[in-house]
2 protein chains.
Amino acid sequence: MHLFHISDINDNIAQLNIEEARHCVQVLRKRVGDSLDLVDGQGFFYKGEIIEISRKSCLVRILSKKEQLKHNPDLKIAIAPTKNIDRLEWFLEKATEIGIDEIVPILCTRSERKRIREDRLQKILLSAMKQSLKAYLPVLHELVDFKTFIQEDHPEKQKFIAYCNDDQLLHLKNVCKKGESCLILIGPEGDFTPEEIAIAKENGFRGISLGESRLRTETAGLLSCTIFNLVNI
Amino acid sequence: MHLFHISDINDNIAQLNIEEARHCVQVLRKRVGDSLDLVDGQGFFYKGEIIEISRKSCLVRILSKKEQLKHNPDLKIAIAPTKNIDRLEWFLEKATEIGIDEIVPILCTRSERKRIREDRLQKILLSAMKQSLKAYLPVLHELVDFKTFIQEDHPEKQKFIAYCNDDQLLHLKNVCKKGESCLILIGPEGDFTPEEIAIAKENGFRGISLGESRLRTETAGLLSCTIFNLVNI
């Protein structure tokens, strides 16, 4: 099943954006009267019927609406963008498939990458949501400085910071509580600095381990995302 | 720490293969007398000292040897290579980081990709092993037909086949037993055929679910690998 993304619905009419319209009309060769499966990224799937077509636009009448119930509490992961952006991009794709609500790219002391292209990352989230038949589009926040982010108010009930080389840390699997929203910090290649870890702890973040292996940033991010989802099954 | 891979040691002397030697001598500019960290992929790390160098060869004297103890029972995942080979490649990299012993590429009825380049995949496993500081190199088997593979004798204590669209299936997380070796089958895009699922069950494989999301082949493979490793913490 192919899903088309829509953002606004007015009087039961939705307009596909230019890219979705092009794919619908020029690639899939849909015609007026054809039915479409739609998703709004806000928790709803729709059945619709094409009522008007041009090369770059496609109007759809909404026929029915179905809500996808959200089982899990919210998961937000704040992660340092990887030097090789492909690695962050696959984290976004995989985390969307496995289950995540918000992603916050954070700029850390040891971050080598200081810029990201939100528009490109947005497209990856959108296509991963559609491919995995989810109705919720994860929220991608703007790149923010670690210290700024850490000192904001965070509504999550559980706040963790994952880092290496501390035998005293408990594994996320053993501390993450079922049914509680969660914010997890994942550092850059080279890990968080001791200062960053200290600031996080001062601000109520608990240090956790993700096991003995030395994991790449994106692997650590996906592993923590997976653990949260498994705990909440 | 950079690890160099060695395969054979004779009279305490090891020779780096041509690629490792080139990296050591031409990229890292190591000289005779420099010390190296080595790994054999069989469970051992070594400290060595360069005793002879040429542009394409590097001889190392082994000074010390340290075994990496293996905590987990064996995990073997048989997975259908993805149409887009990049997706199989990252599965190999990530599974190596998370923890896996053997990978068997399987040719299924719905497989779109019928060939793989073992040499290229081997390089990915090797670099992932070194990057994640593991001493065991996962074994990559040759591409094999699903029915042939399914009917072989398998020593694993637990044998699972993951597939979709069956509400009766229990989640791998709830059936995978700690401390028992495990073989998991992951199908191609479009999933296993009902016939393949039937044959697997006749041969002692238990059907399992990986959750409600529609997962890509490589995501399903990595998720099952992650669950096995979490169960065995």
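All values derive from a computational prediction rather than experimental measurement. (Residues numbered from 1 in each chain as written. Chains lettered and ligands numbered in written order. Predicted model: local features only at pLDDT ≥ 70, side-chain atom pairs only at ≥ 80, totals over all residues. Heavy atoms only, no water.)

Enquirer: Please clarify how the overall build of chain A should be interpreted in this entry.
Expert: Within chain A one finds 7 helices and 13 strands. Counting only C-alpha atoms, chain A reaches 65 × 35 × 30 Å along its principal axes. Within chain A, contacts between residues separated by at least 24 positions form 72% of all contacts whose residues are at least 6 apart in sequence. When the accessible area of chain A is evaluated, it comes to approximately 11,200 Å², of which 46% is carbon and sulfur surface. The averaged location of the 35 negative side-chain charges in chain A is 5 Å from the averaged location of its 34 positive side-chain charges. (Helix = DSSP H or I, 4+ residues; strand = E, 2+ residues; numbered from the N terminus. Contact = heavy atoms within 4.5 Å. Areas by Shrake-Rupley, 256 points an atom, 1.4 Å probe, with all protein chains shown as cover. Lys, Arg positive; Asp, Glu negative; His and termini not counted. Charge placed at Lys NZ, Arg CZ, Asp CG, Glu CD.)

Enquirer: So what exactly am I meant to see when it comes to the relation of the copies chain A and chain B here?
Expert: Think of it as a corkscrew move, a rotation about one axis and a shift along it, taking one chain copy to the other. Rotating chain A by 180 degrees about the axis while translating it 0.0 Å along that axis superimposes it on chain B, leaving an RMSD of 0.0 Å. Considering both components of the superposition, the chain copies are consistent with a two-fold axis. Interface overlap between copies is the fraction of interface residues in one copy that are interface residues in the other; for chain A against chain B it reaches 100%, indicating a shared surface. (Least-squares fit on C-alpha atoms with pLDDT ≥ 70 in both.)

Enquirer: Could you clarify how one ought to interpret the packing of aromatic side chains in this entry?
Expert: Aromatic ring pairs are reported here in terms of the distance separating the ring centres and the angle at which the planes meet. Residues and elements named next belong to chain A. Counted by the stated rule, this structure contains 5 aromatic pairs over all chains. Note on Phe44 and Tyr46: the rings are 6.4 Å apart at their centroids and 40 degrees apart in plane angle, and the pair reads as tilted. By relative accessible area, Phe44 is classed as partly exposed at 21%. You can call Tyr46 buried: its relative accessible area is 7%. In this structure, Lys65 packs its charged tip against the face of Phe44, placed 4.4 Å from the ring centre. (Phe/Tyr/Trp six-rings, centres within 6.5 Å; stacked < 30°, edge-to-face > 60°. Buried < 20%, exposed > 50% of the residue type's maximum accessible area, 1.4 Å probe, protein only. Lys NZ or Arg CZ within 6 Å of the ring centre and 35° of its normal.)

Enquirer: Quick question: what am I supposed to make of the sheet that holds strand β5 (residues 44–53) of chain B here?
Expert: Residue and element names in this part refer to chain B. As summarised here, the arrangement of the 6 strands in space is β1-β4-β5-β6-β3-β2, forming an open sheet in which the pairing is mixed. Strand pairing shows two members of the sheet lacking a second neighbour, β1 (3–5) and β2 (9–10), which therefore form its edges. The pairing of strand β4 (residues 35–39) with β5 spans 5 bridges and is classified as antiparallel. Bridge pairing in β5 links Leu36 to Gly48. The strands touched by helix α3 (residues 118–131) are β1 and β4; relative to β1, the strand with the most contacts, the crossing angle is about 145 degrees. (Pairing = 2+ DSSP bridges. Axes fitted to C-alpha atoms, helices over the stretch in contact; angles between N-to-C directions.)

Enquirer: Any chance you could explain the interface of chain A and chain B here in plain terms?
Expert: Interfaces are frequently sized by the accessible area removed from exposure as the parts join. With 29 residues of chain A at the interface, the matching set in chain B holds 29 residues. Buried area between chain A and chain B, both sides added, is near 2,500 Å², and the carbon and sulfur share of it is 52%. Sorting the residues of chain A by area buried against chain B places Gln131, Arg214 and Leu230 of chain A first, and these three jointly supply 25% of that buried surface. Summed over the shared surface of chain A and chain B, the result is 6 salt bridges. Between Arg216 of chain A and Glu93 of chain B there is a salt bridge, and its shortest N-O distance comes to 3.5 Å. Our count for the contact surface shared by chain A and chain B stands at 20 residue pairs in polar contact (both at pLDDT 80 or more). For the side of chain A that touches chain B, the elements supplying multiple residues, two or more each, are α2 (85–98), α3 (118–131) and α7 (217–231) of chain A. Among the elements that take part in the side of chain A that touches chain B, α7 of chain A stands out by supplying 8 residues, more than any other. In the side of chain A that touches chain B, the residues fall into 11 nonpolar, 7 polar and 11 charged. (Buried area = accessible area lost by both parts, 1.4 Å probe. Salt bridge = Lys/Arg side-chain N within 4 Å of Asp/Glu carboxyl O. Polar contact = N/O pair within 3.5 Å; in protein donor to acceptor, adjacent residues only side chain to side chain. Nonpolar A, V, L, I, M, F, W, Y, C, P; charged D, E, K, R; others polar.)

Enquirer: Is there a simple way to explain the side chain of Asp101 of chain B in this structure?
Expert: All names here are of chain B. Within the fold, Asp101 resides in the loop between α2 (85–98) and β8 (102–107). Looking at Asp101, its side chain comes within polar contact range of the side chain of Lys70, at 3.2 Å. At 2.8 Å, the side chain of Asp101 forms a polar contact with the backbone nitrogen of Leu75. Excluding residues within four positions of it along the chain, Asp101 makes contact with Lys70, Pro73, Asp74, Leu75, Pro138 and Val139.

Enquirer: I keep staring at α3 of chain B and nothing clicks. Help me out?
Expert: Structurally, the α-helix is built with 3.6 residues per turn, so residues lying three or four positions apart point the same way. Here α3 of chain B contains 14 residues, and its C-alpha end-to-end distance of 20 Å stays within 8% of the 20 Å for a straight helix at 1.5 Å per residue. Within α3 of chain B, the full set of buried residues consists of Leu121, Ile124, Leu125, Leu126, Ala128, Met129 and Lys130 of chain B. (Expected span 1.5 Å × (residues − 1).)

Enquirer: What exactly am I supposed to notice about the sheet that holds strand β6 (residues 58–67) of chain A here?
Expert: The pairing of strands in a sheet happens through backbone hydrogen bonds and is either parallel or antiparallel. All names here are of chain A. Across the sheet, 6 strands lie side by side as β1-β4-β5-β6-β3-β2; this open sheet has mixed pairing. Looking along the sheet, the strands with just one partner apiece sit at the ends: β1 (3–5) and β2 (9–10). As judged from the 2 bridges shared by β2 and strand β3 (residues 13–16), these two strands associate in the antiparallel manner. For Ile9, the partnering residue across the bridge sits in β3 and is Ala14. Where α3 meets the sheet, it contacts β1 and β4 (35–39), and its direction lies at approximately 145 degrees from that of β1.

Enquirer: Help me understand the domain arrangement of chain A, please; the structure alone is not making it clear to me.
Expert: Residues and elements named next belong to chain A. Its domain assignment divides chain A into domain 1 (3–67) and domain 2 (75–231). Look at where the C-alpha atoms of domain 1 and domain 2 centre, and you get two points 33 Å apart. Contacts between the two partners involve 13 residues from domain 1 and, on the opposite side, 9 residues from domain 2. Summing both partners gives a buried area of about 800 Å² for domain 1 against domain 2, and 63% of it is carried by carbon and sulfur. Summed over the three residues of domain 1 that lose the most area to domain 2, namely Leu3, His5 and Gly41, the buried surface amounts to 45% of that side. For Lys123, the salt bridge goes to Glu19, with nearest N and O atoms at 3.4 Å. There are 6 residue pairs in polar contact (both at pLDDT 80 or more) connecting domain 1 and domain 2. Contributions of two or more residues to the side of domain 1 that touches domain 2 are made by β1, α1 (18–27) and β5 (44–53). (Domains from an automatic or database assignment.)

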